[in-house]
Protein chains: 2
Amino acid sequence: MIPGPFLLYLGHSSDAVGIKTSRGLAAFRPKDCLGEWRHDDCPLTLDLPRMDAAAARAAGARTLVLGIANAGGKMDDALIHDALAAISAGLSVASGLHQRLRDEPRLVRAAADAGVTLFDVRDPPADLPIGNGLPRAGNRLLTVGTDCSVGKMYATLALRDAMHARGIAADFRATGQTGIMIAGAGVPVDAVVADFISGAIEQLTPARHDAGWDLIEGQGSLFHPSFAGVSTGLLHGAQPRALLLCHDPSRAHMRGLPHYQLPSITDCLAANLSVARLTSPHVQAVGIALNTVALDEADARRLCSSVADTHGLPCTDPYRFGADPIIDWMLTCCDASTPATTVSA
Amino acid sequence: MIPGPFLLYLGHSSDAVGIKTSRGLAAFRPKDCLGEWRHDDCPLTLDLPRMDAAAARAAGARTLVLGIANAGGKMDDALIHDALAAISAGLSVASGLHQRLRDEPRLVRAAADAGVTLFDVRDPPADLPIGNGLPRAGNRLLTVGTDCSVGKMYATLALRDAMHARGIAADFRATGQTGIMIAGAGVPVDAVVADFISGAIEQLTPARHDAGWDLIEGQGSLFHPSFAGVSTGLLHGAQPRALLLCHDPSRAHMRGLPHYQLPSITDCLAANLSVARLTSPHVQAVGIALNTVALDEADARRLCSSVADTHGLPCTDPYRFGADPIIDWMLTCCDASTPATTVSA
């Protein structure tokens with residue numbers, strides 16, 4: 001486990017989506033987040049006290065979280081420079097980038113000298129199995145998206161918290177670096193070897209025989225030309241009873257690809273259900289989660305209501321307005337009389 | 001490059017599909033294959049002289065090719081024992097398994113002592129890019145399948161040879177261990193990190209500005225619960241003008257998964273075209289390749305004719321009967337007036 005409290009790194013980032021790991025920790029583990037480290041050219045903030053590594057260490061921080069993400073996941077020199085400063089100050093360093101901290105000799109040497117630890121959260125477990133697609137018991141929900149970074153993790157965690165508030169057993173199954181840092185466990189599915197994508201998810205979400213739910217964090221989108229392979233394997237490995245479609249209505253084009261439009265919600269639902277049916281023939285869509293952060297409350301509520309009417313599914317921003325309509329419909333759709341709870345693993 | 005001539009390892013295999021790497025080399029690089037090494041419990045043969053490592057070395061062999069495949073790609077003790085014997089005899093060793101030769105200390109030590117080389121063909125290149133889906137120039141055909149191991153590589157190579165016989169420029173782009181050993185280059189797409197599947201294929205098949213073709217070896221199947229993520233990323237990265245659907249009519253169920261039926265040719269064509277359209281809106285199916293090895297010639301020809309009629313596409317066993325009907329239709333579908341040859345990369 002990564003020792004807290006954390007100093008969250010924003011660095012020189014100017015892309016709000018790019019700091020999603022730092023933002024996610026601030027949102028879901030606020031008590032463990034002591035401050036944010038951003039340079040003068042960084043226009044973003046998480047509304048935490050601004051401090052550098054030395055000040056954070058003095059205030060009791062144990063780990064610098066490099067909570068920034070970029071396509072490709074490489075560390076640049078500025079990032080390495082700041083990580084070295086943190087190590088000198090006595091902080092451990094955690095990273096979710098594809099490029100491993102342990103593969104950068106300067107960091108390895110400095111960490112050994114300082115007696116601190118490097119955590120590479122995007123390291124997949126060894127000895128992953130090949131997926132087998134065998135029917136397994138248990139209720140599983142997977143979040144899917146019209147694009148990357150539209151709020152799948154937030155929706156999944158909001159759903160979990162709302163289910164816990166009702167006394168329903170529900171476990172968050174993390175599949176990305178931010179989710180893994182929040183949950184303290186999970187599998188970074190985009191970092192596993194391609195042959196093992198569905199097997200990694202089968203291992204993460206084994207058969208369960210209670211009435212509870214595994215709530216699986218989705219990744220990417222079937223409509224994202226860079227990452228749809230990950231999303232496909234995740235759908236097959238998850239063997240979901242229920243899909244929750246996540247969408248950001250303010251997104252102008254597919255993330256990182258100005259030449260690609262977002263799919264319609266209708267097309268996206270149909271494609272995800274079709275792919276999911278291969279391993280879960282009775283899968284159902286149970287709701288639509290909108291990320292309405294760019295809208296004022298009245299507009300957000302109007303949009304949710306309109307999308308719900310159009311698609312005949314509950315629609316809400318579960319992080320902003322709660323997840324109750326989705327939970328109600330999910331429990332109605334997937335009650336004990338339906339097939340998935342009667343198969344054995 | 002892996003030095004020939006080769007000794008092809010069959011070992012203790014009893015699964016005809018499991019020796020597909022050895023079989024592929026014997027079929028497409030016959031002059032480089034000196035013999036086969038099989039134990040008494042192996043009922044399979046490639047009709048090559050049977051010999052062990054020492055005899056092969058004496059006859060001039062340079063490399064033992066561990067040309068066997070299994071789901072998961074692990075080496076067992078019997079395999080390691082035989083590889084050590086080959087090294088002692090003075091042979092280099094090449095493997096396409098997921099488990100690397102270089103990760104087995106006994107082999108590393110023995111190879112260093114003997115002055116021979118270990119080749120891990122399933123090692124992906126470093127620094128793969130993330131796919132970008134940008135339209136790129138050039139004619140590309142991708143083989144897709146109703147299942148794994150149904151003849152996609154054979155169909156692709158047969159197509160290449162038939163195009164060369166007509167004087168058409170055509171390059172085989174290998175994506176699996178057998179294809180890479182045959183071609184001497186390629187990318188083992190099932191071994192790349194999941195985020196980089198489509199990017200690896202974009203890099204393997206860059207824009208081309210002549211009238212020739214990249215013929216891309218497909219992998220897995222959209223309908224295989226273990227590997228569909230690989231197939232999806234491959235479809236998106238390939239950005240194919242043309243799809244050639246490969247099918248083995250003798251296959252009783254999805255490979256390795258007795259609980260999964262094969263899809264129909266109709267469903268499989270529709271799903272592959274739908275996925276491919278994301279990055280290649282004008283993609284067309286140009287034929288169906290049947291692996292008729294289990295049928296006598298009259299039955300095989302009757303089946304090809306019947307499948308062609310049902311689907312309105314040329315259908316043949318390109319390895320057995322030649323690829324001409326498919327090439328004719330492919331060139332008709334994808335002539336110079338169609339969009340893909342007019343975009344710039």
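Quantities reported herein were computed from a predicted structural model and do not represent experimental measurements.

**Q** Please explain the overall build of chain A as it appears in this structure.
**A** In terms of helices and strands, chain A carries 12 helices and 11 strands. Its C-alpha atoms give chain A principal-axis dimensions of roughly 60 × 50 × 45 Å. Each of the 345 residues in chain A was classed as buried or not, and the buried ones make up 58%. Summarising the internal contacts of chain A: among those between residues at least 6 apart in sequence, 76% fall at separations of at least 24. A total accessible area of about 13,000 Å² is found for chain A, and carbon and sulfur atoms account for 52% of it.

**Q** Whenever I open this one, the relation of the copies chain A and chain B confuses me. Can you help?
**A** Superposing chain A onto chain B takes a rotation of 180° plus a shift of 0.0 Å along the axis, which leaves an RMSD of 0.0 Å. Such values leave the two copies arranged in the relation of a two-fold axis. Of the interface residues in chain A, 100% have counterparts in chain B that sit at the interface too, so the contact is made through matching surfaces.

**Q** Please clarify how the pairing of strand S2 (residues 33–38) of chain A should be interpreted in this entry.
**A** Look at any regular strand and the pattern is simple: side chains alternate between the two faces of the sheet. All names here are of chain A. Sheet topology note: the strand S1 (residues 6–11)/S2 ladder contains 5 bridges and is parallel. Within S2, the position partnered with Leu7 by the bridge is Gly35. With helix H1 (residues 20–28) bridging S1 and the parallel S2, this β-α-β connection has right-handed handedness.

**Q** Help me understand the sheet that holds strand S9 (residues 242–247) of chain A in this model?
**A** Pairing between sheet strands relies on hydrogen bonds along the backbone, with the strands arranged either parallel or antiparallel. Residue and element names in this part refer to chain A. Strand order across the open sheet formed by 6 strands is S7-S8-S6-S9-S10-S11, with parallel pairing between neighbours. Both edges of this open sheet fall to strand S7 (170–173) and strand S11 (315–316), since each of them pairs with a single strand only. In terms of strand pairing, S7 meets strand S8 (residues 213–216) through 4 bridges, oriented parallel. When the sheet's bridge partners are listed, Ala170 is paired in S8 with Trp213. In the packing of helix H9 (residues 265–276) onto the sheet, the strands contacted are strand S6 (139–145), S9 and strand S10 (284–290), and the crossing angle to S9 comes to about 145°.

**Q** Got a minute to help me understand the sheet that holds strand S11 (residues 315–316) of chain B in this structure?
**A** Residue and element names in this part refer to chain B. Taken in spatial order, the 6 strands make up an open sheet running S7-S8-S6-S9-S10-S11, and their pairing is parallel. Each of the sheet's edge strands pairs with one partner strand only, and the pair in question is strand S7 (170–173) and S11. Note that strand S10 (residues 284–290) and S11 share 2 bridges and pair parallel. Counterpart to Ala289 in the pairing with S11 is Thr316. Sheet strands touched by helix H8 (residues 228–238): strand S6 (139–145), strand S8 (213–216) and strand S9 (242–247). Its angle to S6, the strand with the most contacts, is close to 165°.

**Q** What am I meant to see in the interface of chain A and chain B here?
**A** Note on interface size: it is often stated as the accessible area lost on association of the parts. Chain A puts 39 residues into the contact, and the matching count from chain B is 39 residues. Summed over both sides, the interface of chain A with chain B buries roughly 2,700 Å², with 59% coming from carbon and sulfur. The tally of links between chain A and chain B comes to 4 salt bridges. The closest approach of N and O atoms between Asp195 of chain B and Arg122 of chain A, which form a salt bridge, is 3.5 Å.

**Q** Looking at this model, I keep getting lost on the nonpolar core. Mind explaining?
**A** Taken as a class, soluble globular proteins show a tendency for nonpolar side chains to be buried jointly. Among the nonpolar cores identified, the biggest contains 85 residues, and Leu142 and Leu243 of chain A together with Leu142, Leu235 and Leu243 of chain B are the most heavily contacted of them. When residues in this core are grouped by element, the largest group, 6 residues, is from helix H9 (residues 265–276) of chain B. Those residues within four positions of Leu142 of chain B in sequence are excluded, and the remaining contacts are Ile216, Glu217, Gly218, Leu234, Leu235, Ala238, Pro240, Ala242, Leu243 and Leu244 of chain B.

**Q** I would appreciate a short explanation of the pattern of salt bridges in the present structure.
**A** All names here are of chain B. Under the counting rule described, the total for this entry stands at 46 salt bridges over all chains. With a shortest N-O distance of 2.5 Å, Asp299 and Arg302 are connected by a salt bridge. Placement of the pair is Asp299 and Arg302 together in helix H10 (residues 297–311), with a separation of 3 residues, close to one helical turn. Relative accessible area serves as the criterion here: at 34%, Asp299 is assigned to the partly exposed category.

**Q** Explain the side chain of Arg136 of chain A here, please?
**A** Residue and element names in this part refer to chain A. Relative to the assigned elements, Arg136 resides in the loop between strand S5 (118–120) and S6. At 4.9 Å, Glu202 is the nearest oppositely charged side chain to Arg136, a buried residue that forms no salt bridge. At a separation of 2.6 Å, a polar atom in the side chain of Arg136 contacts the side chain of Thr205.

**Q** I keep staring at the UniProt feature "domain: D-glutamate N-acetyltransferase-like C-terminal" (unreviewed entry) in chain A and nothing clicks. Help me out?
**A** According to UniProt, the feature "domain: D-glutamate N-acetyltransferase-like C-terminal" (unreviewed entry) maps to residues 133–326 of chain A in the numbering used here. Taken end to end, residues 133–326 of chain A is 38% helix and 15% strand, and its first and last C-alpha atoms sit 27 Å apart.

**Q** Just to check I follow, could you spell out the packing of helix H7 (residues 197–204) of chain A against helix H8 (residues 228–238) of chain A for this structure?
**A** Relative placement of two packed helices is described by the angle separating their axes and the distance separating the axes. Residue and element names in this part refer to chain A. At a minimum axis distance of 7 Å, the contact between H7 and H8 shows a crossing angle of 40°. For the element pair H7 / H8, the angle class is oblique. Of the two possible hands of crossing, H7 and H8 adopt the one that is right-handed. Across the interface between the two elements, Ile197, Ser198, Ile201 and Glu202 from H7 touch Gly229, Val230, Gly233, Leu234, His236, Gly237 and Ala238 from H8. Split by residue class, the contact of H7 with H8 holds 5 nonpolar, 5 polar and 1 charged.

The rules we used
Every residue gets a number counted from 1 within its own chain, in the order that chain's sequence is written. Here chains are named by letter from A upward and ligands by number from 1 upward, in the order in which they appear as written. Local features in this predicted model are restricted to residues whose pLDDT is 70 or higher, and side-chain atom pairs enter the listing and the counts only when it is 80 or higher, whereas totals over whole chains, interfaces and linings include all residues. The basis for every side-chain value is the complete set of heavy atoms in the structure, and neither hydrogens nor water enter the calculation. Here a helix means four or more residues in a row that DSSP labels H or I, a strand means two or more in a row labelled E, and each is numbered from the N terminus. Here's how the labels work: a residue is buried when its accessible area is under 20% of the maximum for its type, exposed when over 50%, partly exposed in between, all with a 1.4 Å probe on protein chains only. Throughout, a residue-residue contact means that at least one pair of heavy atoms, one from each residue, lies within 4.5 Å. Surface accessibility in these figures is a Shrake-Rupley result with a 1.4 Å probe; residues are shielded only by whichever protein chains are displayed. When the copies are superposed, the least-squares fit draws on C-alpha atoms of residues that have pLDDT of at least 70 in both. A pair of strands counts as paired when DSSP detects no fewer than two bridges linking them. For the handedness criterion, the strands are oriented away from the viewer, and a crossover whose path from the first strand over the helix to the second runs clockwise is classed as right-handed. Fitted lines through C-alpha atoms give the axes, limited to the stretch in contact for helices. The angle between two N-to-C directions lies from 0 to 180 degrees. The term buried area refers to how much accessible surface (probe radius 1.4 Å) is lost by two components on association, counted for both of them together. Salt bridges are defined by distance alone: a side-chain nitrogen of Lys or Arg within 4 Å of a carboxyl oxygen of Asp or Glu. Put simply, buried Ala, Val, Leu, Ile, Met, Phe, Trp, Tyr and Cys residues joined by side-chain atoms within 4.5 Å make one nonpolar core. Charged residues are defined narrowly, with Lys and Arg counted positive, Asp and Glu counted negative, and His plus the chain ends left uncounted. Pairs of N or O atoms within 3.5 Å make up the polar contacts considered here, provided that, within protein, one atom can donate a hydrogen while the other can accept it, and that residues adjacent in sequence are counted only when both atoms are side-chain atoms. UniProt positions are given in the numbering used here, feature names are shortened, and annotations may be inferred rather than shown by experiment. Should an angle fall under 35 degrees it is taken as roughly parallel, and over 145 as roughly antiparallel, whereas 65 to 115 is taken as roughly perpendicular and any remaining angle as oblique. Crossing handedness is read from the near helix: turned anticlockwise from the far helix by less than a right angle, it gives a left-handed crossing, and turned clockwise, a right-handed one. Under the grouping applied here, Gly and all other residues not named as nonpolar or charged are polar, the nonpolar ones being Ala, Val, Leu, Ile, Met, Phe, Trp, Tyr, Cys and Pro and the charged ones Asp, Glu, Lys and Arg.

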